[in-house]
Amino acid sequence: MKSETKKPETKNTTKKAAIKKTENTKFCEVVVLKPVGYPFNFNLMESDLEITDINLFEEYAREQWLGIVVKEGSYLFDQKIIPDYGFKIISAEPNESIISEKTKIKLIDEEIATSNEIQTIKSNIKISDIVGHENAKNKTKVLRKFIQDPERFGQWAPKNVLFYGLPGTGKTMLVKALANELEVPLYLIKATSLIGEHVGDGSSKIHELFDKAKKTAPSIIFIDEIDAIALHRSFQSLRGDVAEIVNSLLTEMDGISENKSVITIGATNSPKSLDFAVRSRFEEEIEFALPNEEERRLIFENNLKTYPLKTDLNIEKLVKLTKNMSGRDIKEKILKTALHHSISQDKEIVTMNDIDYALKSTKIKINDVNGMHE
Ligand SMILES: Nc1ncnc2c1ncn2[C@@H]1O[C@H](COP(=O)(O)OP(=O)(O)OP(=O)(O)O)[C@@H](O)[C@H]1O
Ligand SMILES: [Mg+2]
């Protein structure tokens with residue numbers, strides 16, 4: 001099928017990289033590939049690849065690429081059945097790791113990798129970086145167990161979870177950590193991006209999203225700011241396209257059968273403004289509350305570990321001064337502003353004076369925050 005002269009060096013380069021890096025490289029947990037075609041014209045073969053059995057492909061791919069280092073943005077080439085067919089490495093977890101017998105190999109298609117609205121998320125955040133939110137962390141434990149052994153759950157599988165709470169309390173952070181720690185593709189969509197110019201745009205994007213997630217199951221869909229589309233019915237009449245998007249969402253959420261391991265996580269600041277039918281499909285609503293004293297102390301301590309200047313701060317006082325502030329407020333409005341203030345004064349140390357400046361310059365009025373979503 002293939003002449004002996006074709007590009008043997010491509011394969012050798014990949015192999016060499018594998019051998020050189022073996023000692024300090026970790027094993028790959030999951031690699032997401034996109035089929036990209038041949039690097040040259042090859043008359044006997046069609047350029048499009050149709051994989052009919054994803055599990056079988058995974059076995060086949062793992063066997064032929066065993067021991068190879070996978071680096072995001074580089075390529076893998078098929079060497080057996082469809083010689084020189086290229087696959088771009090969209091993501092590898094961890095990056096620059098070696099394919100082992102246990103590596104999960106996932107395929108995505110063109111649309112998924114390039115669509116602006118649907119992103120696969122990647123981050124270095126760990127679940128242990130998140131302070132507090134024990135309920136949410138426990139739920140992520142269940143999701144992990146489910147993904148490891150879906151059969152065990154049967155009709156009791158976790159499906160839809162809603163995270164709700166004030167802005168800056170760690171909802172998106174937790175989902176990013178989940179994406180990082182679970183070895184499955186996670187698709188993020190901002191609900192606001194679904195409201196398009198043309199009626200029907202949003203619905204087809206929802207359909208596309210669920211379709212991709214099903215194809216690459218087990219997988220997680222994260223609909224951030226879900227209130228933007230799943231508005232309470234009384235508001236839907238104001239926006240014709242929203243009613244249609246809500247219906248598509250309901251259809252897709254119902255269309256995930258028990259044996260498909262697709263989990264939908266929604267995040268919102270105001271669950272009360274969600275469409276009732278959408279809201280009722282979330283089996284669990286998990287609140288992200290503002291951090292208490294102990295949690296604020298930890299958020300300060302953790303963030304200060306990466307502070308680029310020395311500090312002379314009274315943490316206990318800081319904890320008291322930041323009552324009713326979110327994790328984001330503490331990091332962005334207090335610590336960052338104080339740091340920048342100190343730098344602007346050409347100082348080498350951040351003191352309570354800089355914190356005072358930050359507190360004064362922050363516009364947060366505690367009462368406003370409390371009353372915001374009532
Ligand atoms: N519980 C927490 N532990 C540690 N850091 C936190 C916590 N909550 C918030 N933060 C910090 O605040 C940042 C913003 O949080 P995040 O984006 O997850 O908030 P959110 O709940 O998604 O807000 P929004 O509703 O506005 O989308 C995080 O990246 C992190 O630095
Ligand atoms: Mg968020």
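Everything below is about the structure shown above.
Residues numbered from 1 in each chain as written. Chains lettered and ligands numbered in written order. Predicted model: local features only at pLDDT ≥ 70, side-chain atom pairs only at ≥ 80, totals over all residues.

K.L.:
Before we move on, can you summarise the packing of helix α11 (residues 293-304) against helix α13 (residues 327-344) with the specific residues and values?
P.N.:
The axes of two packed helices give the description: the angle between them and the distance between them. Viewed as axis vectors pointing N to C, α11 and α13 meet at an angle of 50 degrees, and their least axial separation amounts to 10 Å. In terms of axis orientation, α11 runs oblique to α13. Between α11 and α13 the crossing geometry is right-handed. Side by side, α11 and α13 meet where Arg 296, Ile 299, Phe 300 and Asn 303 of the first sit next to Gly 327, Ile 330, Lys 331 and Leu 335 of the second. Of the residues that constitute the contact of α11 with α13, the class distribution is four nonpolar, two polar and two charged. (Axes fitted to C-alpha atoms, helices over the stretch in contact; angles between N-to-C directions. Helix = DSSP H or I, 4+ residues; strand = E, 2+ residues; numbered from the N terminus. Parallel < 35°, antiparallel > 145°, perpendicular 65-115°, else oblique. Left-handed = near helix turned anticlockwise from the far one by under 90°. Contact = placed C-beta atoms within 7 Å. Nonpolar A, V, L, I, M, F, W, Y, C, P; charged D, E, K, R; others polar.)

K.L.:
Describe helix α4 (residues 134-148), naming the residues involved and giving the relevant values.
P.N.:
With 15 residues, α4 should reach 21 Å at 1.5 Å per residue; the first-to-last C-alpha distance of 21 Å fits that figure. Among the residues making up α4, those that are buried are Ala 136, Lys 139, Thr 140 and Leu 143. Considered in projection along α4, the buried side chains sweep an arc of 105 degrees and stay on one side of the axis. Away from the buried face of α4 by more than 90 degrees, exposed residues Glu 134, Asn 138, Lys 141 and Gln 148 are located. The inward-facing, buried residues of α4 contact β8 (160-165), α6 (171-181), β11 (262-268) and β12 (284-288). (Expected span 1.5 Å × (residues − 1). Buried ≥ 20, exposed ≤ 12 C-beta atoms within 10 Å, placed from the backbone. Arc of directions from axis to C-beta.)

K.L.:
Break down the site of ligand 1 for me, with residues and values.
P.N.:
Of all residues adjacent to ligand 1, which total 19 residues, the nearest are Pro 167, Gly 170, Thr 172, Met 173 and Gly 327. When contributions to the shell around ligand 1 are tallied by element, the ones reaching two or more residues are α6 and α13. Composition of the shell around ligand 1 by domain shows at least three residues from each of domain 2 (119-288) and domain 3 (293-371). (Near = placed C-beta within 6 Å. Domains from an automatic or database assignment.)

K.L.:
Before we move on, could you go through the sheet that holds strand β4 (residues 86-93) and cite the residues and values that matter?
P.N.:
Here four strands make up an open sheet; going across it, the order is β3-β4-β1-β6 and the pairing mixed. If you trace the sheet from one side to the other, it starts and ends with β3 (75-77) and β6 (104-107), each paired once. Neighbour to neighbour, the strand axes of the sheet diverge by 35 degrees on average, direction disregarded. With four bridges joining them, strand β1 (residues 30-37) and β6 adopt parallel strand pairing. Residue pairing for β6: Val 30 is matched across the bridge by Lys 104. Packed on one face of the sheet, helix α2 (residues 54-65) meets β3 and β6 and runs near 120 degrees to β6. (Pairing = 2+ DSSP bridges.)

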